[in-house]
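# Structural characterization, general
Spelled out, the chains give:
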Amino acid sequence: MLRAIGKKLLNSAQASGEILALLVETLYYCKDAPRNLPTIFRQIYDIGVGTLPIASLMSLFIGMVLALQTGSQLAKFGTQEAIGAVVGLSMAKELGPVMTSLLVAGRIGSSMAAEVGAMQVYEEIDALRTLEINPVRYLVMPRLLACLVSVPLLTIFAVMIGIVGGSVVSDVNPVINVPMTVYFDNLKNSLEASEILNGLVKSFFFGGIIAQVGCYVGFKTSGGARGIGYSTTRSVVMAFLMIMIADYFLTRFML
Amino acid sequence: MADISEQNPGLLKRLSHAFTRMADEQPVSIADYEDATGVSVQIEQLNKSFNGNHVLKDIDLEIKPGETFSIIGPSGTGKSVLLKHIVNLIKPDSGRVFIDGADIGKRSITDSNRFSYSMVFQTSALFNSLTVGENVGLWLREKEVFPERRIRRIIREKLRLVGLGGKENLQTSELSGGMKKRVAIARSLAMNPDLILYDEPTAELDPVTTDELARVIDSLKDMVNLTTIIVSHDLNFALYLSDRVAMMDKGKIIEVGTPEEIKQSQNPIIRNFIYTTTKGLKGD
Ligand SMILES: Nc1ncnc2c1ncn2[C@@H]1O[C@H](COP(=O)(O)OP(=O)(O)OP(=O)(O)O)[C@@H](O)[C@H]1O
Ligand SMILES: [Mg+2]
């Protein structure tokens, strides 16, 4: 039992180390980014435009639930005027970046793992090597850069839409009953640029995690079609965990 | 800290690998694109294990420049692993591989003795996000040395060589297995290699397509000057195409000879292999 836990710990330590090594290599190959611009833009398009509709819907409801929950609590103390600040701050600093990243990890990270995993299983990665093309440069670098750009962009959208969702609920809900003008005034007074930046920095890191984990898990794939399926789930679980852990430390550092 | 790195060699090893791989990047050299010259391949005392599974055992092999050489043997004897050593995709535990006298493990390949090799994989390994033409031209475009016009011409030419002229705009997913193999061959030829390796070129192909493929590979021998290594468990295919054949069994080379010599061999394993692959099941 203890041994099993120890082994798991060692394995995850090894995986983190290897992801770090992959990151170093990927960053090195960013020097070749101009050559791969078309791929990078296609990836940005896939990630950004592809995820935007669900991300919007998701954050709309997150904003609404947030307003409903906290608003009705605040109303008990008659402090519901603060609802704009509460929704805005939690969306910008925490829920926006985290939920968007989780969504992208589920949607994009997993498909990266599947795609790279299939290439690994069907010897396409080996083929790249014999064609003197470095797979990290050709596959990982464009995906990393695309995630670094599109996850923060998506986060900005998600935060805005979440705030709008919150404002509607606050206005319409009879218990909370905070007019939109009050809501947005309160929001403007409390939300500072540094706090928005805070959330963007987070989402930038999360984007990096998603790309690196997806590609790493893909490279590690073995064992045919079943292996590809396993990699898909593995990448999602791993990315979720690492995002949450990174979230804690980033919050701690930027406090 | 020392403790951690001992228990967990992966981290440091991976980091150092990452750095050496970056340093490994080869300079672009394409000056001698037009003249491929068959190279010699020499394998000395090659050994490889995967987690205690000793796959290659003291392999010695010598392949002459311009030769067509086949490695035959039953499934799982390490033929693919051996091929991947020759193209440096796998590093040996011990032993060396020389190509034209240069140790490929040393990577001291300078421009003057630089050779190019390419491999046709068992699964074809085409990139299915790219069209047929883009697959064939990938190496040329990545090298960024030739103007686009010339690249297009080379793509057309190589596709014609494998009997797929005019098919450059097809999606790879629209291709049959035999066509995929031929596109993979064209992609390899686009590198104008001195050495080309085929891993199970006939696996999963019907007899008619196999025949076609044999004819393609055969015709290449006259048109392009290169060394060819074929791994196969299709005995007739290997005997038909090759100048010499090596029989591999359980990680060892058990016999090397001309197709005639192999057919006449008294070695029981070879006799058995010939018997089972030509006459149906053993014990019939
Ligand atoms: N990357 C690897 N990790 C672990 N074991 C491996 C690896 N590659 C090959 N092996 C093992 O090496 C042995 C030989 O495999 P190889 O693919 O070379 O066989 P083969 O002769 O090409 O067979 P086939 O004709 O079926 O392709 C097998 O037992 C396989 O399990
Ligand atoms: Mg094989």
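Preceding this section is the structure that the text describes.
Starting from 1, residues in each chain are numbered consecutively following that chain's sequence as written. Each chain takes a letter, starting from A, and each ligand takes a number, starting from 1, following the order in which they are written. Only residues with pLDDT of at least 70 get local features here, since the model is predicted, and only at 80 or more are side-chain atom pairs given and counted; chain-wide, interface and lining totals rely on the full set of residues. As a convention, hydrogens and water are excluded, and side-chain values are obtained from all of the structure's heavy atoms.

Here the focus is the overall build of chain B. Of regular secondary structure, chain B possesses 10 helices and 10 strands. Only protein chains enter the accessibility calculation, which uses a 1.4 Å probe. A residue is then buried if its area is under 20% of the maximum for its type, exposed if over 50%, and partly exposed in between. Buried positions account for 51% of the 284 residues belonging to chain B. We call two residues in contact when some of their heavy atoms are within 4.5 Å. Considering only contacts in chain B between residues 6 or more positions apart, those separated by 24 or more positions represent 68%. Only the protein chains shown count as covering a residue, and every accessible area follows the Shrake-Rupley method with a 1.4 Å probe. Working note: accessible area of chain B is about 13600 Å², and carbon and sulfur atoms make up 49% of it. Here a strand is any run of E in DSSP of at least two residues, a helix any run of H or I of at least four, and the numbering for each starts at the N terminus.

So, on to the site of ligand 1. Residue and element names in this part refer to chain B. Looking at ligand 1, there are 13 residues lining it, with Ser75, Gly76, Lys79, Ser80 and Glu200 nearest. Each polar contact in these results corresponds to two N or O atoms within 3.5 Å; when the atoms are within protein, one needs to be able to donate a hydrogen and the other to accept it, and residues that are neighboring in sequence are counted only if both atoms are side-chain atoms. Here an oxygen atom of ligand 1 and a backbone polar atom of Gly76 are 2.8 Å apart. Between ligand 1 and Gly78 there is a distance of 3.0 Å, counted from an oxygen atom to a backbone nitrogen or oxygen. Only β2 (53-63) and α3 (79-86) provide two or more residues apiece to the shell around ligand 1. The nearness test applies per residue and asks whether one of its heavy atoms lies within 4 Å of the molecule or strand.

Bringing the coordination of the magnesium ion (ligand 2) into the picture now. Residue and element names in this part refer to chain B. Coordinating donors are taken to be N, O and S atoms lying within 2.8 Å of the metal, or within 3.2 Å when the metal is Na, K or Ca; because water is excluded from the atom set, some sites may appear incomplete. Taken together, the protein donors to the magnesium ion (ligand 2) comprise Ser80 (OG) and Gln122 (OE1), at separations of 1.9 to 2.7 Å. Pair noted here: Ser80 is in helix α3 and Gln122 is in the loop between β6 (117-120) and α4 (132-143), with a separation of 42 residues, a long-range link. We classify Ser80 as partly exposed; its relative accessible area is 21%.

A helix's residues, less one, multiplied by 1.5 Å, set its expected span. Between the first and last C-alpha of helix α1 (residues 2-29) of chain A there are 41 Å, a value that for 28 residues agrees with the 40 Å anticipated at 1.5 Å per step. The set of residues buried in α1 of chain A consists of Ala15, Gly17, Glu18, Ile19, Ala21, Leu22, Glu25, Thr26 and Tyr29 of chain A.

Bringing the sheet that holds strand β8 (residues 227-232) of chain B into the picture now. All names here are of chain B. By definition, two strands form a pair when at least two bridges between them are found by DSSP. Taking strand neighbours across the sheet as the criterion, the six strands line up as β6-β7-β8-β3-β9-β10 in an open arrangement whose pairing is mixed. Of all the strands in the sheet, just β6 and β10 (252-257) have a single pairing partner and so form its edges. Across the sheet, the mean angle separating the axes of adjacent strands is 15 degrees when strand polarity is ignored. Pairing analysis gives five bridges linking strand β3 (residues 68-72) to β8, with the strands arranged parallel. Within β8, the residue paired with Ile72 across the bridge is Ser232. Note on geometry: axes are C-alpha line fits, over the in-contact stretch for helices, and angles between N-to-C directions span 0 to 180 degrees. α3 contacts β3, β6, β7 (195-199), β8 and β9 (244-249) of the sheet and is inclined by roughly 160 degrees relative to β7.

Criterion for a disulfide: a pair of cysteine sulfur atoms within 2.5 Å. Counting across every chain of the model gives zero disulfides over all chains. In this structure Cys147 of chain A is a free cysteine whose sulfur lies 8.1 Å from that of Cys215 of chain A, the closest cysteine sulfur available.

What follows concerns a nonpolar patch on the surface. Side chains of Val237, Leu241, Ile245, Tyr248, Phe249 and Phe253 of chain A sit close together on the surface and give an oily, nonpolar patch of about 700 Å² of accessible area. Tracing the backbone through its elements, the reader meets Tyr248 of chain A in helix α8 (residues 224-254). Surface patches are defined over residues having more than 30% relative accessible area and no salt bridge, joining like charges when they lie within 9 Å and nonpolar side chains (Val, Leu, Ile, Met, Phe, Trp, Tyr) when within 5 Å. Every case where a carboxyl oxygen of Asp or Glu lies within 4 Å of a side-chain nitrogen of Lys or Arg is listed as a salt bridge.

On to the packing of aromatic side chains. All names here are of chain A. Only the six-membered ring of Trp is used, alongside the rings of Phe and Tyr, when aromatic pairs are assigned; centres must lie within 6.5 Å, and planes under 30 degrees apart are stacked while those over 60 apart are edge-to-face, with the rest tilted. Per the counting criterion, the structure on display carries four aromatic pairs over all chains. Centroid distance Tyr28 to Tyr29: 5.0 Å. Interplanar angle 80 degrees. Geometry classified as edge-to-face. With centroids separated by 5.2 Å and ring planes inclined at 80 degrees, the aromatic side chains of Tyr183 and Phe184 adopt a geometry described as edge-to-face. Residue Phe184 is classed as partly exposed on the basis of its relative accessible area, which comes to 29%.

With that out of the way, let us pick up the pattern of salt bridges. Enumeration over the complete set of coordinates arrives at 22 salt bridges over all chains. Glu115 of chain A serves as the salt-bridge partner of Arg143 of chain A, at 3.1 Å between the closest nitrogen and oxygen. Here Arg143 of chain A is found in helix α5 (residues 135-172), whereas its partner Glu115 of chain A is found in helix α3 (residues 83-121), with 28 residues between them in sequence. When its relative accessible area of 37% is taken as the criterion, Glu115 of chain A is described as partly exposed. The shortest N-O distance in the salt bridge between Glu148 of chain B and Arg141 of chain B comes to 2.8 Å. Each member of the salt-bridge network shares a partner with another, and the members are Arg35 and Arg137 of chain A together with Glu142 and Glu144 of chain B.

Residues and elements named next belong to chain B. With antiparallel pairing, the four strands of this open sheet are ordered in space as β2-β1-β4-β5. Of all strands in the sheet, those bounded by a partner on one side alone are β2 and β5 (102-103). Two strands pair when backbone bridges link them, and strand β1 (residues 41-50) and strand β4 (residues 94-99) are joined in this way by five bridges, in the antiparallel orientation. Looking at β4, one finds that Val41 is bridged to Ile99. Packed onto the sheet, α3 meets β1, β2 and β4 and runs at close to 125 degrees relative to β1.

In this section: the nonpolar core. One recurring pattern in soluble globular proteins is that nonpolar side chains are buried together. All names here are of chain B. Ile43, Leu61, Leu82, Ile86, Ile185, Leu195 and Ile229 are the most contacted members of the largest nonpolar core, which has 136 residues in total. Here Leu195 is in contact with Val39, Val41, Ile86, Ile99, Ser116, Tyr117, Ser118, Thr227 and Ile229, once residues within four sequence places are set aside. Ile72, Leu239, Val245 and Ile270 belong to the second largest nonpolar core, which has 10 residues in total. Put simply, a nonpolar core is a bunch of buried Ala, Val, Leu, Ile, Met, Phe, Trp, Tyr and Cys residues held in one set by side-chain atoms that sit within 4.5 Å of each other.

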